[in-house]
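Here's the letter readout for the chains.
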Amino acid sequence: LTLVGTATILMWMNWKLALLILLFNPLVIFATVQLGKRVKHLKKLENDSTARFTQALTETLEAIQEVRAGNRQGFFLGRLGQRAREVRDFAVASQWKSDASGRASGLLFQFGIDIFRAVAMLTVLFSDLSIGQMLAVFSYLWFMISPVEQLLNLQYAYYAAGGALTRINELLARADEPQYPGGVDPFRNRDTVGIEVRDLSFGYGEDKVLEHLDLSIAPGEKVAIVGASGGGKSTLVQLLLGLYTPQSGVIRFGGSTQQEIGLTTLREHVAVVLQHPSLFNDSVRANLTMGRERSDEACWQALEIAQLDATIRALPQGLDSIVGRSGVRLSGGQRQRLAIARMILAQPRVVILDEATSALDAATEYNLHQAMAKFLSGRTTLIIAHRLSAVKQADRVLVFDGGRIAEDGDHQQLIADGGLYARLYGHLQQV
Ligand SMILES: Nc1ncnc2c1ncn2[C@@H]1O[C@H](COP(=O)(O)OP(=O)(O)OP(=O)(O)O)[C@@H](O)[C@H]1O
Ligand SMILES: [Mg+2]
């Protein structure tokens, strides 16, 4: 408004002088924009280096035991130092260069004004402008200076924000999980439902991990899936929960597809114990309930089935004990059992266990399977395991090979068939 106002008055007083100023301004602005362009990428470099440093810092701290055990502190801390120096260098460069070019723009602007003043004085000498008018023009010019300078400096703020904005936009440009309309609830009024997978193909990249996979599990049935490491079993679990979208094929729960059910309803009723369960640096209770409303009694019941009640009771704060970052204060097997208790507490209709008992000793695992049998009876269960003890809990075994189900049958049958299963588990028969 100040700019428009003063420009109008100047036009009215002496249009020739005013035009000179108004034409001169864009020239100065053009020059400063050229200056600004030279520093606009610096802020992005600074932000990027900060991101690299923070990532290296979190990674190193998270893996500190590994780093120390491998005697690699020197390397990792050295790398951190290097990243920190980069942040410093980029920040210093970005700061002083932006500042310098901001001041250079200001200087250019002042210079422009001085030229204009000279022209104005000459106009007094050679034309009809009185000294009083000239002084008035100078004063109006004075009014104009600060808004123009503010506008010029705006570009530096804009470039700084632009660097950050690029990073935010990269994040926003990532595709969201598909939102299915949902609405159908096959779990309503049913204790459990069956699972049916038809012609499922999926790959993380070019290579297919699952190829034309077919499988069906009757309601209430317990099925084990075995197969070579890296065969795609955990991938199948993620697809069942809709964490990834298959390239082709359908997955049905109780006759309805994932799309019809909607992912929210699906995940409410299908619970999974992941191969690498994550725990939060919070109390045992919070890790069990994950924010759901559950009574202490229910928590203890779940812990009892998961064979973890004695351990938690022995802790001074019981359910309120903090488990530490990623559960560091618990042993590997205790973490797994906590994840199992979490699943039990969710009271799902369908249970998926992905290597859920791999870190337990034989006796604890046996007790756990005994205690779980009652909970799992009447719930469709998918057990993914390498150990025979876990596989034997199932009514039927599916053998995963080359991205599809290669063998299907119970333990005795598969051993007799002499296929991959017999090769994996045949020698354990006598044990
Ligand atoms: N997030 C991912 N991005 C890219 N590739 C992946 C990803 N997760 C798994 N893979 C690849 O997919 C293949 C199947 O992995 P998956 O975890 O399903 O195997 P798995 O059968 O569960 O093995 P294991 O018995 O060792 O747990 C592997 O070759 C792996 O390298
Ligand atoms: Mg796996």
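Residues numbered from 1 in each chain as written. Chains lettered and ligands numbered in written order. Predicted model: local features only at pLDDT ≥ 70, side-chain atom pairs only at ≥ 80, totals over all residues. Heavy atoms only, no water.

Visitor: I keep staring at the domain arrangement of the protein chain and nothing clicks. Help me out?
Guide: One widely used convention gives an interface's size as the accessible area the parts lose upon coming together. Structurally, the protein chain comprises domain 1 (2–172) and domain 2 (195–428). Once you take the C-alpha centre of each, domain 1 and domain 2 turn out to be 57 Å apart. (Domains from an automatic or database assignment.)

Visitor: Please explain the sheet that holds strand 2 (residues 210–217) as it appears in this structure.
Guide: Backbone-to-backbone hydrogen bonds join strands into a sheet, with any given pair of strands oriented parallel or antiparallel. Read across the open sheet, the four strands follow the order 2-1-4-5; overall the sheet is antiparallel. Two strands in the sheet have a free side with no partner beyond their single neighbour: strand 2 and strand 5 (256–257). Docked against the sheet, helix 6 (residues 233–240) engages strand 1 (195–202), strand 2 and strand 4 (248–253), running at close to 115° with respect to strand 1. (Pairing = 2+ DSSP bridges. Helix = DSSP H or I, 4+ residues; strand = E, 2+ residues; numbered from the N terminus. Contact = heavy atoms within 4.5 Å. Axes fitted to C-alpha atoms, helices over the stretch in contact; angles between N-to-C directions.)

Visitor: Can you walk me through the layout of surface pockets in this structure?
Guide: Any space left empty among the atoms is revealed by the rolling of a water-sized probe across them. In this structure, the largest pocket encloses a volume near 520 Å³. Looking at the largest pocket, it is lined by 19 residues, and the ones nearest its centre are Ala-271, Val-272, Leu-274, Met-290 and Arg-342. Sorting the residues of the lining of the largest pocket by element identifies helix 8 (263–269), strand 6 (270–273) and helix 12 (332–345) as the ones contributing at least two each. No other element matches the four residues that strand 6 contributes to the lining of the largest pocket. Partitioned by chemical class, the residues of the lining of the largest pocket number 13 nonpolar, two polar and four charged. Taken as a whole, the second largest pocket holds about 270 Å³ of empty space. In this structure, the second largest pocket is lined by Leu-61, Glu-62, Ala-63, Ile-64, Gln-65, Glu-66, Arg-325, Ser-326, Val-328 and Arg-335. Put simply, the parts of the chain that give the lining of the second largest pocket at least two residues each are helix 2 (15–62) and helix 3 (64–69). No other element matches the three residues that helix 3 contributes to the lining of the second largest pocket. (1 Å grid on protein atoms, 1.4 Å probe; cavity = no way out; pocket = protein on both sides within 12 Å on 5 of 7 lines; lining within 4 Å. Points joined across faces, edges and corners; volume = space filled by probe spheres on them. Nonpolar A, V, L, I, M, F, W, Y, C, P; charged D, E, K, R; others polar.)

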